[in-house]
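# Topology and contacts: notes
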Amino acid sequence: MGNSLKAIVAFVPSNKCQKYLLEDLEEMPVDKMVDLSGRQLRRLPLHICSFRELVKLYLSDNNLNHLPPELEQLQNLQILALDFNNFKALPLVVCTLKQLCILYLGNNKLCSLPLELRLLQNLKTLWIESNCLQYLPEVVCELSLLKTLHAGSNALRTLPPQLQCLQELRTIWLSGNLLSDFPPVLLNMPFLEVIDVDRNSIRFFPSLAHLPGLKLVIYDHNPCSNAPKVAKGVRRVGRWSEETPEPRKRSGAVIDITLDEKPLLPPAAKTKPE
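Per an unreviewed UniProt entry, the chain carries the name LRC10 protein and comes from Tyrannus savana.

On to the overall build of the chain. Helices and strands together make up the secondary structure of the chain, namely 2 helices and 12 strands. Reading the secondary structure of the chain in the N-to-C direction produces α-α-β-β-β-β-β-β-β-β-β-β-β-β. Burial analysis of the chain (274 residues in total) assigns 47% to the buried set. When the accessible surface of the chain is totalled, it reaches about 13400 Å², and 53% of it is carbon and sulfur.

Spatial strand order, β1-β2-β3-β4-β5-β6-β7-β8-β9-β10: 10 strands in an open sheet with parallel pairing. With partners counted over all chains shown, the strands left at the sheet margins are β1 (33–35) and β10 (235–237), one partner each. Going from strand to strand, the sheet's axes swing by 5° on average, the running direction of each strand aside. Where β1 meets strand β2 (residues 56–58), 3 bridges bridge the pair, whose relative direction is parallel. When the sheet's bridge partners are listed, Asp-35 is paired in β2 with Tyr-58.

Bringing the pattern of salt bridges into the picture now. All chains considered together, the criterion is met by 4 salt bridges. Its salt-bridge partner being Glu-193, residue Lys-215 comes within 3.9 Å of it at the nearest N-O pair. A residue pair is termed long-range when its members are at least 10 positions apart, and Lys-215 in the loop between β8 (194–196) and β9 (216–218) and Glu-193 in the loop between β7 (171–173) and β8 qualify at 22 residues.

Under the defined criterion, the tally for this structure stands at 3 aromatic pairs. Measuring from ring centre to ring centre gives 5.4 Å for Phe-205 and Tyr-219, while their planes differ by 65°; the resulting arrangement is edge-to-face. With Phe-205 in the loop between β8 and β9 and Tyr-219 in the loop between β9 and β10, the pair connects residues that are 14 residues apart, well separated along the chain. On the basis of relative accessibility, which here comes to 2%, the residue Phe-205 falls in the buried class.

Next up on the list: the side chain of Thr-171. Its location among the elements puts Thr-171 in strand β7. Accessibility expressed as a relative area gives 13% for Thr-171, which makes it buried. When neighbours within four sequence positions are excluded, Thr-171 is seen to be in contact with Lys-147, Thr-148, Leu-149, Leu-192 and Val-194.

With respect to the helices and strands, Val-185 occurs in the loop between β7 and β8. Put simply, Val-185 and Thr-158 are 27 residues apart on the chain and 9.3 Å apart in space, counted from C-alpha to C-alpha. Setting aside its immediate chain neighbours within four residues, Val-185 contacts Leu-159, Pro-160, Pro-161, Leu-163 and Gln-164.

Here Lys-32, not a glycine, exhibits a phi torsion of approximately 60°, which is positive. Among the secondary structure elements, Lys-32 is positioned in the loop between α2 (15–22) and β1. Even without a glycine there, the phi angle at Asp-61 is positive, about 60°. Here Asp-61 lies in the loop between β2 and β3 (79–81). A relative accessible area of 43% places Asp-61 in the partly exposed class.

Attention shifts here to the state of the cysteines. What the rule picks out here adds up to 0 disulfides. There is no disulfide at Cys-165, and the cysteine sulfur nearest it, in Cys-141, is 7.0 Å away.

Counting through the fold element by element, Phe-182 comes out in the loop between β7 and β8. A C-alpha to C-alpha distance of 6.3 Å links Phe-182 and Ile-202, two positions 20 residues apart in sequence. Residues in contact with Phe-182, not counting those within four places in the same chain, are Leu-187, Ile-195, Val-197, Ile-202, Phe-205, Pro-206 and Leu-208.

What follows deals with the confidence of the model for the chain. Low-pLDDT portions of the prediction should not be read for the details of their coordinates. Averaged over every residue, the pLDDT of the chain is 86; the share at 70 or more is 79%. In this model residues 244–274 is a low-confidence stretch, pLDDT under 50, and it forms 55 contacts with partners more than four residues away in sequence or in other chains.

Looking at the element boundaries, Val-30 is found in the loop between α2 and β1. Spatially, the C-alpha atom of Val-30 lies 10.0 Å from that of Glu-53, the residues being 23 residues apart in sequence.

Basis of the calculations
Just so you know, the residues in each chain are numbered from 1, in the order the chain's sequence is written. In view of the model being predicted, local features appear only for residues whose pLDDT reaches at least 70, and side-chain atom pairs are presented and counted only at 80 or more, with totals across whole chains, interfaces and linings using the full set of residues. Calculated side-chain values reflect all of the structure's heavy atoms, with hydrogen atoms and water omitted. Strands here are runs of E lasting at least two residues and helices are runs of H or I lasting at least four, both read from the DSSP assignment and numbered beginning at the N terminus. Partly exposed residues are those whose accessible area sits between 20% and 50% of the maximum for their type, while under 20% is buried and over 50% is exposed, using a 1.4 Å probe and protein chains only. The Shrake-Rupley method, run with a 1.4 Å probe, gives the accessible areas here. Residue values count only the displayed protein chains as cover. Paired strands, in this sense, are two strands between which DSSP finds at least two bridges. Axis definition: a line fitted to C-alpha atoms, limited for helices to the stretch in contact. Angles are taken between N-to-C directions and run from 0 to 180 degrees. Salt-bridge detection follows one rule: a side-chain nitrogen of Lys or Arg within 4 Å of a carboxyl oxygen of Asp or Glu. In summary, the pairing rule links any two rings of Phe, Tyr or Trp, Trp by its six-membered ring, whose centres are within 6.5 Å, and it sorts them by plane angle into stacked for under 30 degrees, edge-to-face for over 60 and tilted for everything else. By definition in these notes, contact holds between two residues if any of their heavy atoms fall within 4.5 Å. When two cysteine sulfur atoms lie within 2.5 Å, the pair is treated as a disulfide. Each residue gets a pLDDT score, which is the predictor's confidence in that residue and runs from 0 to 100.

Quick look at the structure:
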């Protein structure tokens, strides 16, 4: 079915049209996964909420801005993808899904996150990139099992000191924000393995050599005058990353690491969900 036809049918709320969009998905798949990405959906079909054993639900790249309260029935759900939609606020029903391990909220219009998010104490991966966040909501610091936080492409200028309470956090992506200083709280998180502050406004980097868990720091595209010092074996991606922190000229140009060397992030909208 073409995307244009899907978009037209999506405006018609009849059950027949909804079934057409769902391509006759009437029973829960054996693998306990439903992928409705890119279906031009404007509302979640209620019968999906009857699949009580569902473990993975992908709703990426639709036109959703709310979710039905019946979603609470999916208490076995571990992965929920809501990225590339039109959410201005996270539906509170999401916070009732206490088995969630991975939550994709990127590329929406979120300016904050509800305090009820703290109920998701099994959450290990949170994607909130490409939203309208001017600050990192402190409720994120209450997700004690969080291992990966993707908060790039927002308008963050700093990070809350409470972030250091996340002792399971290993990877933090902050690319494309408004950081003018390297966040001091990250200096107190020795368990971090990956720090990405690419494409910010950081002019000076403190030493990161004291962080024993660090494996990779990405600091390219900052107006910095130095590279961060790191311990032996830690990879740096940015200007002078193969040099000492002092810039060195070669053929009249400062050495740069190209963006191609930056590790690729997993796509937000997966064609083959994992």
